[in-house]
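Next come the chains, spelled out residue by residue.
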Amino acid sequence: MTPVLAAEFATADELCAGVRALAAAGITELDTWTPYQVEGLQELIGVPRSKLRWIVLAAGLLGGGAAYLLQWWINVVDYPLDIGGRPYHSALAFVPITFEMTILCAGFAALIAAIMLGGLPALWQPMFEVDGFERATIDRFWLAIGAGDRELDRVRDTAALETAGAVRVVWLGDRA
Amino acid sequence: MSDPVIIGNPTDAALSDQLLSTTWVKRNWKLAFAITGIGTVMLFSMVTLTVMRGIGMWGNNIPTAWGFGIINFVWWIGIGHAGTFISAILLVLEQQHVRTSINRFTEGMTLFAVVQAGMFPLLHLGRPWYAYWLFPYPSVMGVWPQVRSALPWDAAAVSTYLLVSIMFWYLGLIPDLAGVRDRAPTKLRRRIYGIFALGWSGSMQQWRHYKIAYLTLAGLATPLVVSVHSIVSLDFAEAGLPGWHSTIFPPFFVAGAIFSGFALVVTLIVPARRVFNLYNVITPRHLDMIGKLLLVTSSILAYSYICELFLAWWSGDRFEMFEQLRERPFGFYAIGFWIMITCNCLITQLLWSRRVRRSATALFVLAIFINIGMWLERFEIIVVSLTRDFLPSSWHQYAPTYVDLGILLGTFCFFGLLFLAFLRLVPFVPVAELKELEREVAG
Amino acid sequence: MSSLKLSRRSLFKLAGAASLTACSSRPARAILPYVKQPPEVIPGVPRYYATALVEDGFATGVIVETHEGRPTKLEGNPDHPASAGGTRAIEQAAILGLYDPDRLAEPTDRGAPTTWHAIDRALDPKSMHVVLEPTTSPLVIALVGRLRAAGVAVSFYAPFERRESIVGNSTVHNRLLQTQVDLATADVIISLDAELANDPRHARALAGHRRVVDGSSAMSRLYVYETGYSTTGVVADHRWAVRPSQLADVARQLLRGEGPVARDLRRAGSRGVVVAGERQSAEVHALVAQINAASACVKYIEPVVFEAGTASHELPRGTDVRTVVVVGGNPVYASPAFADALANVDAAVYVGLYANETAASCRFAAPLAHDLERWDAARAADGTLGPIQPLIEPIFEGRSVAQVLHAILRDRPIDPRDELAAAWPAWSAMPFDDALARGAVGDSAAPRVDVAPRAAEVTSPASTGIELAVRPHPFVHDGRYANNPWLQELAEPISKLAWDHAAQLSPATAALFGIATGDIIELASGEHGIDVPAIVVPGHADAAITLHAGYGRGGAETIARGIGANAFVLAGATAVTVARTDRSATLAVTMESPSEHGRPVALGGTLAQLTSGALDLAAYRGEQPTQLGKLPRSGPQWAMQIDLTTCTGCSACVMACAAENNTPAIGKRHVIEGRDMHWIRIDRYVDESGTTVVEPMTCQHCEDAPCEYVCPVGATTHSPEGLNEMAYNRCVGTRFCSNNCPYKVRRFNWFDFKTHEPLRVLGKNPNVTVRDRGVMEKCTYCVQRLRRAEIDAAVEHRPLVSPQTACQQACPSGAIAFGTLAELAELRARPHSYAELHDQGTRPRTQYLARIRNPNPEIAE
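Residues numbered from 1 in each chain as written. Chains lettered and ligands numbered in written order. Predicted model: local features only at pLDDT ≥ 70, side-chain atom pairs only at ≥ 80, totals over all residues. Heavy atoms only, no water.

## What about the confidence of the model for chain C?
Predicted coordinates in areas of low pLDDT are best not read in detail. Residue and element names in this part refer to chain C. Short version of the rule: Scored from 0 to 100, pLDDT records how confident the predictor is in each individual residue. Runs of E in the DSSP output that reach at least two residues are strands. Runs of H or I that reach at least four are helices, and both are numbered from the N terminus. Here, two residues are considered to be in contact whenever any of their heavy atoms come within 4.5 Å of each other.
Summing up the model confidence of chain C, the mean pLDDT is 89 and the portion of residues at 70 or higher is 95%. Averaged over each element, pLDDT in chain C is lowest for helix α1 (residues 2-23) (47) and highest for strand β28 (residues 638-643) (96). Low confidence marks residues 1-6, where pLDDT is under 50. Its contacts with residues over four positions away, or in another chain, come to 0 contacts. The low-confidence segment residues 14-25 (pLDDT under 50) makes 0 contacts with residues lying over four places distant or belonging to another chain. In the model output, the complex is listed with pTM 0.90 alongside ipTM 0.91.

This is how it looks when you write it as structure tokens:
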């Protein structure tokens, strides 16, 4: 999304009001920047739930399955050894490593997916060019409308955002 | 329950300035760094000595083939459990109220404790340079690890624990690293923290995946934290040795681990609270909660001790009875047993008092005793069992050497050094989460 | 797939070969193969030669294993009567004595290097006295005759030579006679402080009559009266701890026929025998000679040692000679006054193995050839003649005794083999080469001398106070083996003291003086006194102290030096005063707890219990309920059975194992720390009455081995033949296996324990890996011998013959049986067979036969 119209709010509640106002105006290409996750905001914008957990589940099952298979293969197929008379396929003994590998693979998947799905790493983003945007990680709440939104109306939306309580509304469209 | 978890009503900016500035405000810590630094140098000298000359530099022998090394390993890894317990389990249980101020702090403690712990299984090997043989890799010898042993389980569990703890810690840190990037006074700091922040901007796209990932990681870490010490306990319970061969070990070890971990949390957080003036975010309510948890885990331990004695008697096994009913309470190392009982079960009864639970000083003193008691518990389990096993002909006393003591002391210093660096370089109270909590509390 | 592997391998081989010259950090040195292959040397295939080791004149026949010209292992010679196949620990450790870097390496003159030639010139036969060790060598005896004819005085000296029995016999039989006892046919044996178990010949005979198959087995009855606790006392059916002075009273009582023991002896008739120890007085021996008048187990022979019991076996005291030559032995240490005699002569020459105290008192010191480096002949205790042949060229510039005597006589140099071969026909009808091949001449034992004993009234001095018994150390003997680290590290069988010297005393005596183990006490007699640590030995006689000789060495030997005190200082004293000092020492006692703590560990009972069925150990053997299935096992299923009835605890097996399997000696500090490396541990347990039992403990080769499943890298696994195997190269050293071994028989290389001494390395067994630092090791059932036997059987297309393990081969009592499960089935089914810690479900392949005693029903326990 290339932001063209950005607005800064002092509180999360005002941000939510801004989002509601834009939604009423039919704006759909919208993103917000907040210092912490604001409860209810996601539903307000209408962003679907993250698919991350399914990735994590798949990775975990894959890791655990591979760990068990590997243990079975090395003990039964590749190099069976007589270990104190214990059976080659000692299923109970294979459980701990299977479990640990499930967790490890799932954990890696969670971290990597969170970073990649969030579009990171991206050390430069268009919003970083906006003066005062650095307070977005401290105590200010930002939203921006993307350049691709067909319903974007600079004058109307600026007015709507200011009515909602925006401290500042910035037009970024000229930069591009 | 009406006690506040944040005192006053600091603004988001004030919280940021207070809690992020620890990464750029200069403090005169030269003495603390010097002491821990010297201790760390001593640790690595002792490690070098061990690797160059041989594991015989330690006091181990036959029958006591495991001594200080494994005691220290279990103790440190146990301490590591409180961090994940607080961060993950309380998050999953939606106990952010008591968790948020201290979770980053305890995660750091976990990481550095696991680093200390992780050194011991490597060092205690006769040939530490072949430690990688415990991991399955396609070797030219065509051989693989032997997974019926608890040690590869242990290797898998401890390395998984370390990695997942790092991931969890780092993921939680990203928004605050971005905060430092945007708030730090010098360009160099902004650049460095900026790189580690990966370009975090706090957009909805980022938050929506981030929060799910963070919760999922917490959900994964919850069984992990239980599994790690359970598997560590299997290093003993898997053996047939009297005093080790016990089905009660996994829950018993996990309770002990959380107990000792909380004790170390207290040991660290009480001074940090004073130095950084964190009275507003680490409140008597936090201390009270830790005190209660200490009391609960202490009671579980006391119950486990009684169970061990009872089961030894109930089993009718002469070796087990000798070990548990005679050698531990009345044998050569009995003094350790009684100090352990005193520290872990008796003096913790003071925690029934609300005043004690809310007094930072009292908790701190208690925590020191608990740390000693938990170390001695591992000593009793490992050394007393090994020195007195089946055939009396093989009995032999165990005594640590100066290298053993140097390494134990050295890990305290190395831990301290890492922790000081952590306090100095990383925002150790999760600012973003605290702001969210404050909004929740206020709203 | 395989062709791909091969081609890749070949590629690397070529690449490696190409870069070899470039990569090597050392300059290339050419080595050459044999230009002409000696027909008898096949690299990798050991050769075996018969020879003998000599101690105080007596030969013990041994078979020496050599690898490409290096002797590496000694075994007893089954054809030699002094060995009958078994050995003591001392013979097993002799290989380390051969390769001892502390040995005198070159002739010295007041410490400065010189030559044999210079010494030869200084040897003036006029006014010369030669001191030899007691000898049975016909070669040396002939030379002694020539020396005496040339006016040279010759005497013989060894501190513990067997002379009192010969003198005692002369009281009864009117002539000097040596007692020869055969225990094989004895039903009742009474030992008066006799070291029967430490003599392979007696140990074998004793055990032969004490093997219990079931309750109907015939078994001899052994009564032991002794001061200290000996290995003989361990196998006794009845044992009484008596002070040295009481033994004469015991003998008198037996002579009078009083008491149940004497009655039992009389009932046995000609199959009863009393044996008095070599350290007993002539008076006791005289009494015993009278008691044994009716015994068929005793015969008398002419003394085998040349001039035994005569005045020539005294050290020269006078100063009327100008030159003294001491060949072998260490008289200055054993008799400190002899140093004065040496100081007063013009030239003193010492020819010996070490730069010891005697060497330090002599102007010249020169190396003597080791038994494995020289030609000679010697007789066993029964007079059987055998040759001694060298297995290696003298490592240093050593000469044999005969060569030294030849030099004094100014003889022309003669090839020692030719000399022996030429002289041989005069001594024996057996061809010389046959004798060399066999190691002993059959039927050459000394003939029986018919005697008519007369009653002789003997008196013995009454003794008061704390009596002192100075005894040869079972391993260090009179100090001659004190520089052997294996023997130093071998724990004394009863007190389990290694690397150390301590005065043994009973718990009651110790309590009387307020002494605990480790306290340093002062023993004094007249003006002589020594300070020595005390060790409390249950079962020791009260009001008496046993002190081993062989310590307090002051020579230049690095290992022997500085341990303990010289017991010979007090050797003349029968009573000593004891005073506690306020100092104490840490003793390297290898076993901390003497008690079994009520655990069923070393099981035992009486023959009567076995007969009545009261003793059946079926609950301690056989299958246990298990959840484990059985993995396929194939090939010969190896197993071991150890008989505790005949095991004396002599520790020859421990030493044999060390020699066979290259286990290191690690030194006193590590022994104190509990790191000894012996693959066999002789467990010792003492009950409330002070009775000591022993049980050899080594890897039990459990079928369901607890050590194996805890190894994280699969370094210890099970072979199809049922061996518990160690892959040293795979071991990372977690030591979990040791923790989970209920028998604690695994040994760990805490440091780089292996020897780097170039000379010592020569004695290593090339068929056994020398273990590196940081790996676990343990008994392998001598897997190298098993493989050799299997290969030989395959090559020769014949059925496999079960080989002997090193411990089994060395055991003088034959207490260790080894073979396949099928071969041992009968032993394992005996009613007194049991598995150690059976309830642990380990299913050990090594099992035990419980210790069966045969007490006299007349004597209450």
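Still more ground to cover, so stick around.
## So, the packing of aromatic side chains
What counts is decided by this rule: Pairing of aromatic side chains here covers Phe, Tyr and the six-membered ring of Trp, requires ring centres within 6.5 Å, and sorts the geometry by plane angle: under 30 degrees stacked, over 60 edge-to-face, intermediate tilted. In this scheme, the term charge over a ring applies when either NZ of a lysine or CZ of an arginine sits within 6 Å of the ring centre and within 35 degrees of the ring normal.
Within this structure, the stated rule accounts for 59 aromatic pairs over all chains. Ring centres of Phe322 of chain B and Trp395 of chain B lie 5.4 Å apart, and the angle between their planes is 25°; this geometry places the pair in the stacked category. One end of the pair, Phe322 of chain B, is in helix α11 (residues 318-330); the other, Trp395 of chain B, is in the loop between α14 (360-387) and α15 (402-425), with 73 residues separating them in the sequence. Measuring from centroid to centroid gives 6.5 Å for Trp375 of chain C and Phe432 of chain C, while their planes differ by 40°, and the two rings are tilted. You can see Trp375 of chain C sitting in the loop between β16 (364-367) and β17 (376-379) and its partner Phe432 of chain C sitting in helix α16 (residues 432-438), a full 57 residues away along the chain. By the ring-pair criterion, three or more aromatic residues cluster together here, those being Trp75, Trp76, Phe105, Phe112, Trp169, Phe412, Phe415, Phe419 and Phe422 of chain B. Sitting over the face of the ring of Phe58 of chain C, Arg162 of chain C holds its NZ or CZ atom 4.3 Å from the ring centroid. In this structure, Arg675 of chain C is placed above the aromatic ring of Trp750 of chain C, and the distance from its NZ or CZ to the ring centre is 5.1 Å.

## Quick notes on the environment of Val265 of chain B
All names here are of chain B. For the record, the criterion: Only protein chains enter the accessibility calculation, which uses a 1.4 Å probe. A residue is then buried if its area is under 20% of the maximum for its type, exposed if over 50%, and partly exposed in between.
Relative to the helices and strands, Val265 resides in helix α9 (residues 249-275). The exposure class assigned to Val265 is buried, which follows from its relative accessible area of 0%. Separated by 160 residues in the primary sequence, Val265 and Phe105 have C-alpha atoms spaced 8.4 Å apart. Those residues in contact with Val265, other than ones at most four positions away along the chain, are Ala82, Ile86, Thr106, Met109 and Ile290.

## A short note on the sheet that holds strand β35 (residues 816-820) of chain C
All names here are of chain C. How we decide: The pairing criterion for strands is at least two bridges between them, as found by DSSP.
Pairing in this open sheet of 4 strands is mixed, and the strands run β35-β28-β37-β36 from one edge to the other. Two strands bound the open sheet, and with one partner strand each, they are β35 and β36 (833-834). In the sheet, β28 pairs with strand β37 (residues 846-849) via 4 bridges, with the strands oriented parallel. Across the sheet, Asp643 pairs through a bridge with Leu849, a residue of β37.

## What about helix α10 (residues 282-291) of chain C?
Since the α-helix advances by 3.6 residues per turn, residues separated by three or four positions end up pointing in the same direction. All names here are of chain C. The element α10 is largely enclosed, with a buried count of 9 among its 10 residues. Among the residues of α10, those classed as buried are Ala282, Val284, His285, Ala286, Leu287, Val288, Ala289, Gln290 and Ile291. Structurally, α10 contributes buried residues whose contacts are with α5 (164-173), β9 (188-192), α8 (246-256), α9 (259-268), β12 (272-276) and β13 (298-301).

## Topic: the interface of chain A and chain B
The figure often quoted for interface size is the accessible area lost as the parts come together. For clarity, the cut-off: Note on terms: buried area is the combined drop in 1.4 Å-probe accessible area of two parts once they are placed together, counting the loss on both. Salt bridge, as used here, is a side-chain nitrogen of Lys or Arg placed within 4 Å of a carboxyl oxygen of Asp or Glu. Contacts described as polar in this section are N or O atom pairs within 3.5 Å, which, within protein, must combine one atom able to donate a hydrogen with one able to accept it, while residues neighboring in sequence count only if both atoms come from side chains. Throughout this entry, Asp, Glu, Lys and Arg are counted as charged residues, while Ala, Val, Leu, Ile, Met, Phe, Trp, Tyr, Cys and Pro are counted as nonpolar. The remaining residues, Gly among them, count as polar.
Each side of the interface is counted separately: chain A has 65 residues, and chain B has 58 residues. Counting each side, the surface lost to burial between chain A and chain B is near 5200 Å², with a carbon and sulfur contribution of 69%. It is Tyr36, Gln37 and Ile138 of chain A that lose the most area in chain A upon contact with chain B, and together they represent 14% of the buried surface on that side. Where chain A meets chain B, there are 0 salt bridges. Counting the contacts that link chain A with chain B gives 16 residue pairs in polar contact (both at pLDDT 80 or more). Among the elements that make up the side of chain A that touches chain B, the one with the highest residue count is helix α4 (residues 91-117) of chain A (17 residues). Of the residues contributing to the side of chain A that touches chain B, the split by class is 42 nonpolar, 12 polar and 11 charged.

## Overview of α14 of chain B
Residues and elements named next belong to chain B. Our working rule: Given the number of residues in a helix, its expected span is that number minus one, multiplied by 1.5 Å. Bend angle per residue: angle between axes fitted to the 7 residues ending at that residue and the 7 residues starting there.
Along its 28 residues, α14 runs 40 Å from first to last C-alpha, staying within 8% of the 40 Å computed at 1.5 Å per residue. Of all the bends in α14, the greatest measures close to 25° and is centred on Glu380. The buried count for α14 comes to 21 of 28 residues, which makes it a mostly enclosed element.

## Some words on the interface of chain C and chain B
Chain C puts 54 residues into the contact, and the matching count from chain B is 54 residues. Across the chain C to chain B interface the summed buried area is about 4500 Å²; carbon plus sulfur atoms make up 55%. Taken as a group, Arg599, Arg730 and Arg773 of chain C account for 17% of the area that chain C buries against chain B, more than any other trio of residues on that side. Between Arg388 of chain B and Glu592 of chain C there is a salt bridge, with the nearest N and O atoms lying 3.7 Å from each other. For the pair chain C and chain B, the number of links is 36 residue pairs in polar contact (both at pLDDT 80 or more). Those elements that place two or more of their residues in the side of chain C that touches chain B are α21 (668-672), β29 (681-686), α22 (706-709), α23 (736-739) and β33 (747-748) of chain C. Here the residues of the side of chain C that touches chain B are counted per class, giving 24 nonpolar, 14 polar and 16 charged.

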